[in-house]
Amino acid sequence: MHVHKREQTACCSVTDAGGLLDNSEIPYLFERHFRGKRASGINGSGLGLSIAQQLAQLQEGLLHVEVTPGKRTTFTLSLPMAAIDANPSLPAEDTIHEK
């Protein structure tokens, strides 16, 4: 997990080294009830990413995915920050937390 801020936006990125997504699935990832080809046998309803995207949009944010087939998938949640000047100790592009 990588958390940082960029100008007036707080960003959190999570990368999975499993590479389980195909590029052909990307357009459908945020649709309600979509489950990838490799999700068979795994419990779930296919609502998680759809709900997460809707919550991000309600906060005027963005949920974005980047896929490198066979290698990794990175989801990034970007949300607007309230008055970044209120905390000048966090300069832009600074890493806040990485685990």
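Details of the structure are given in the entry above.
Residues numbered from 1 in each chain as written. Predicted model: local features only at pLDDT ≥ 70, side-chain atom pairs only at ≥ 80, totals over all residues. Heavy atoms only, no water.

**Regarding the layout of surface pockets**
Right, on to step 1. Roughly 550 Å³ of internal volume is contained in the largest pocket.
Right, on to step 2. What lines the largest pocket is a set of 22 residues, among which Leu-21, Leu-29, Gly-36, Ala-39 and Leu-49 lie closest to the centre.
Right, on to step 3. Secondary structure elements with two or more residues in the lining of the largest pocket: strand E2 (9-16), helix H1 (48-58) and strand E4 (72-80).
Right, on to step 4. When residues of the lining of the largest pocket are assigned to their parent elements, the largest contribution, three residues, is made by E2.
Right, on to step 5. Its residues assigned to classes, the lining of the largest pocket shows ten nonpolar, seven polar and five charged. (1 Å grid on protein atoms, 1.4 Å probe; cavity = no way out; pocket = protein on both sides within 12 Å on 5 of 7 lines; lining within 4 Å. Points joined across faces, edges and corners; volume = space filled by probe spheres on them. Helix = DSSP H or I, 4+ residues; strand = E, 2+ residues; numbered from the N terminus. Nonpolar A, V, L, I, M, F, W, Y, C, P; charged D, E, K, R; others polar.)

**Points about the environment of Ile-26**
Right, on to step 1. Relative to the helices and strands, Ile-26 resides in the loop between E2 and H1.
Right, on to step 2. When near neighbours in sequence (up to four residues on either side) are disregarded, Ile-26 contacts Val-65 and Val-67. (Contact = heavy atoms within 4.5 Å.)

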